Amino acid sequence: MKKIIAAAFALCALCACGEKNNLPKPTRAQLEWQDMEMNMFCHFGPNTFTGNEWGDGTETEDIFNPSDLDCRQWAATAKAAGFKGIIITAKHHDGFCLWPNPVSTHTVAQSSWRDGKGDVLAELSAACKEYGLKFGVYISPWDRNDPHYGTPEYNEVFVKTLESVHGGPYGPIFEQWFDGANGEGPNGKKQVYDWPLFNSTVFKYNPQAIIFGDGGPGCRWVGNEEGHAGRTCWGMMNADEVKPGENPRGTEYLNQGDPEGTHWVPAETDVSIRPGWFWRESENDRVKSVDELLRIYYESVGRNSLLLLNVPPDVTGRIHPVDSARLMEFRAALDEIFADDLAAGAKLRRKGDCWTLTMAEPVTFNRVVLEEDIASGQKISAFTIEALGEDGNWTEIASETTIGHKRIVPVPAVTALSIRIKVTGTIAPKCSIKRPGLYYDGVYSGEMS
Ligand code: FUL
């Protein structure tokens, strides 16, 4: 009897080390955030008028003077393109505030634009409500205008800045973007930020907000600005080891996440539709092509990441016709590719960790869309896809690692009667995927990695 009990204990111990049952899980807000899939980023401010990427904070307030600001046009464009939210650079590194911030003298209120009565955040948040979009803000901690920058007093100023947005008339605010860029203040010192204080200030007013930072806490930077999430991409990471601008683990860590990670902090892929983050006349002919946008979509949304695509408004205060036309072409391409799930009527059968889809007749596809049930954590670390050809043979057409919220697996065009997804590796028991989808992309003509 003793032997049996000892053996049972040994078995339990084995299970405990082989199976991790306490994976980090997304909050409801994080699940909703990931379902958004595509949001629009708008870089707008003095740089729009000077042509700089980083203003130095000495720009006169009057430089900000959009001739025909129309945030409803931004929202209408975003909605038509399929974005679910808009994030605006309320304050970039130059310190200029697009709303009348009471703790700054470098804001729209000091400009002659609309006689100092304008408020871009008020107009954009109202437009987002009208169009059913969520509203988010980028507020740069690095401030090249504020004289306190580089001293402990600046943290107090920054908290008041956050309060005037998050506690102001603009909410609810679904995402707060904290940029990692950080330079020296007038005293030659880098700011030592009080991140716990900044985060708690945001949560005080917008408890559901997703805070973007290199280490979250809501979502993490994907580690590059070119629009690539890792081919392996986990929703988890050791968030305690990484702070905005301080990342001892390197960008690959952010790009791929960490199956051993202690926190749920999924990747957000921020990339601009233009070479720069701000609008420039000289870049009107360098707006990314539909192929480039599709590549970005596949390598972000299709790799368990949210895509934050920057579409910067121009000097009139509207999205330039070249960018909006390109967005509509991108939308049309996505609609064409993903309109028909070729496996919609197929019979789905699960046996263990193998899912088989059997079609009524052969279908030709080159994209397999998989979605893991991530509410209980991201578990799948390896899978293969096999296709049953008309010759009656099964052929492996893909062998990959993670799935997560959504994985779009590009495969060479194949005609099959049946496909099967075999999960060949997990980091915790009870993995589950939703019904797989099969699609044919006849639009994209670039390389696929
Ligand atoms: C970077 C900034 O320095 C760029 O200007 C831009 O805002 C980008 C989204 O983040 O860190």
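Residues numbered from 1 in each chain as written. Predicted model: local features only at pLDDT ≥ 70, side-chain atom pairs only at ≥ 80, totals over all residues. Heavy atoms only, no water.

Trainee: Explain the overall build of the protein chain to me, and be specific about the residues and the numbers.
Mentor: Helix and strand counts for the protein chain stand at ten helices and 16 strands. The C-alpha radius of gyration of the protein chain comes to 24 Å, within 12% of the 22 Å expected for a compact globule of 449 residues. Taken across its 449 residues, the protein chain has 56% of its residues classed as buried. Considering only residue pairs separated by 6 or more positions, the protein chain has 77% of its internal contacts joining residues 24 or more positions apart. Summing over all exposed atoms, the protein chain offers an accessible surface of approximately 18,500 Å²; the carbon and sulfur share of this is 52%. Of the charged side chains in the protein chain, 44 are positive and 61 negative; the average position of the first set lies 9 Å away from that of the second. (Helix = DSSP H or I, 4+ residues; strand = E, 2+ residues; numbered from the N terminus. Rg over C-alpha atoms; globule rule 2.2 N^0.38 Å. Buried < 20%, exposed > 50% of the residue type's maximum accessible area, 1.4 Å probe, protein only. Contact = heavy atoms within 4.5 Å. Areas by Shrake-Rupley, 256 points an atom, 1.4 Å probe, with all protein chains shown as cover. Lys, Arg positive; Asp, Glu negative; His and termini not counted. Charge placed at Lys NZ, Arg CZ, Asp CG, Glu CD.)

Trainee: Provide a residue-level description of the site of the ligand, including the pertinent values.
Mentor: Lining the immediate surroundings of the ligand are Phe-41, His-43, Trp-54, His-92, His-93, Tyr-138, Trp-177, Asp-179, Ala-181, Glu-225, Asp-270 and Trp-277. Here an oxygen atom of the ligand sits 2.7 Å away from a polar atom, N or O, in the side chain of His-43. Interatomic distance of 2.6 Å between a side-chain N/O atom of Asp-179 and an oxygen atom of the ligand. Considering the ligand on its own, with 290 Å² of exposed area, one finds that the protein chains cover 90% of that surface. When the residues that make up the shell around the ligand are grouped by side-chain class, the tally is six nonpolar, three polar and three charged. (Near = heavy atom within 4 Å. Polar contact = N/O pair within 3.5 Å; in protein donor to acceptor, adjacent residues only side chain to side chain. Nonpolar A, V, L, I, M, F, W, Y, C, P; charged D, E, K, R; others polar.)

Trainee: Can you explain helix α5 (residues 120-131)? Please cite residues and give values.
Mentor: The terminal C-alpha atoms of α5 lie 16 Å apart, and with twelve residues this matches the ideal 16 Å at 1.5 Å per residue to within 8%. Looking at α5, one finds that the buried residues are Val-120, Leu-121, Leu-124, Ser-125, Ala-127 and Cys-128. In a view along the axis of α5, the buried residues occupy a sector of 160°, so they form one face of it. The elements touched by buried residues of α5 are α4 (71-81), β2 (85-91), β3 (134-139) and α6 (152-166). A distance of 3.1 Å separates the backbone nitrogen of Leu-121 from a side-chain oxygen at the start of α5, and that oxygen is part of Asp-119. (Expected span 1.5 Å × (residues − 1). Arc of directions from axis to C-beta.)

Trainee: Describe the domain arrangement of the protein chain, with residues and values.
Mentor: Segmentation of the protein chain into domains returns domain 1 (28-338) and domain 2 (347-439). Each of domain 1 and domain 2 has a C-alpha centre, and the two are 35 Å apart. Taken together, the contact pairs 20 residues of domain 1 with 20 residues of domain 2. Summing both sides of the interface, domain 1 and domain 2 together bury roughly 1,700 Å²; the carbon and sulfur share of this comes to 58%. (Domains from an automatic or database assignment. Buried area = accessible area lost by both parts, 1.4 Å probe.)

Trainee: Summarise the packing of aromatic side chains; cite the residues concerned and give the values.
Mentor: Tallied over the full model, the rule gives 28 aromatic pairs. Taken together, a centroid distance of 3.7 Å and an interplanar angle of 5° make the contact between Trp-177 and Phe-212 stacked. Of this pair, Trp-177 sits in strand β4 (residues 173-177) while Phe-212 sits in strand β5 (residues 210-213), and the two are 35 residues apart along the sequence. Its relative accessible area of 4% is what places Trp-177 among the buried residues. With relative accessibility at 2%, the residue Phe-212 sits in the buried group. (Phe/Tyr/Trp six-rings, centres within 6.5 Å; stacked < 30°, edge-to-face > 60°.)

Trainee: I'd like a description of the packing of α6 against helix α7 (residues 195-205), backed by residues and values.
Mentor: The packing of two helices is summarised by the inter-axis angle and the distance between the axes. Two elements in contact, α6 and α7, have axes whose closest approach is 9 Å; the angle formed by their N-to-C orientations is 20°. Classed by the angle they form, the pair α6 and α7 counts as roughly parallel. At the point where α6 passes α7, the crossing takes the right-handed sense. Across from Asn-155, Glu-156, Phe-158, Val-159, Leu-162, Glu-163 and His-166 in α6, the residues of α7 making contact are Leu-197, Phe-198, Thr-201, Val-202, Lys-204 and Tyr-205. (Axes fitted to C-alpha atoms, helices over the stretch in contact; angles between N-to-C directions. Parallel < 35°, antiparallel > 145°, perpendicular 65-115°, else oblique. Left-handed = near helix turned anticlockwise from the far one by under 90°.)

Trainee: How would you summarise the sheet that holds strand β9 (residues 267-272) if you had to cite specific residues and measurements?
Mentor: With parallel pairing, the eight strands of this closed barrel are ordered in space as β1-β2-β3-β4-β5-β6-β9-β10. Shown here is a sheet whose adjacent strand axes are inclined to one another by a mean of 25°, direction ignored. Pairing geometry for β3 and β4, over four bridges, is parallel. Across the sheet, Val-137 pairs through a bridge with Gln-176, a residue of β4. (Pairing = 2+ DSSP bridges.)

Trainee: So what's going on with unusual backbone geometry? Which residues, and what values?
Mentor: Of note, the bond from Gly-171 into Pro-172 is cis; its omega dihedral lies within 30 degrees of zero at -5°. One can find Pro-172 in the loop between α6 and β4. Residue Gly-216 is joined to Pro-217 through a cis peptide bond whose omega torsion reads 15°. Among the secondary structure elements, Pro-217 is positioned in the loop between β5 and β6 (219-221). Even without being glycine, Asp-115 reaches a positive phi, approximately 55°. Position of Asp-115 relative to the elements: it lies in the loop between β2 and α5. Take Asp-115: its relative accessible area is 67%, and that puts it in the exposed class. With a phi close to 65°, Asn-304 is a non-glycine residue in the positive phi region.

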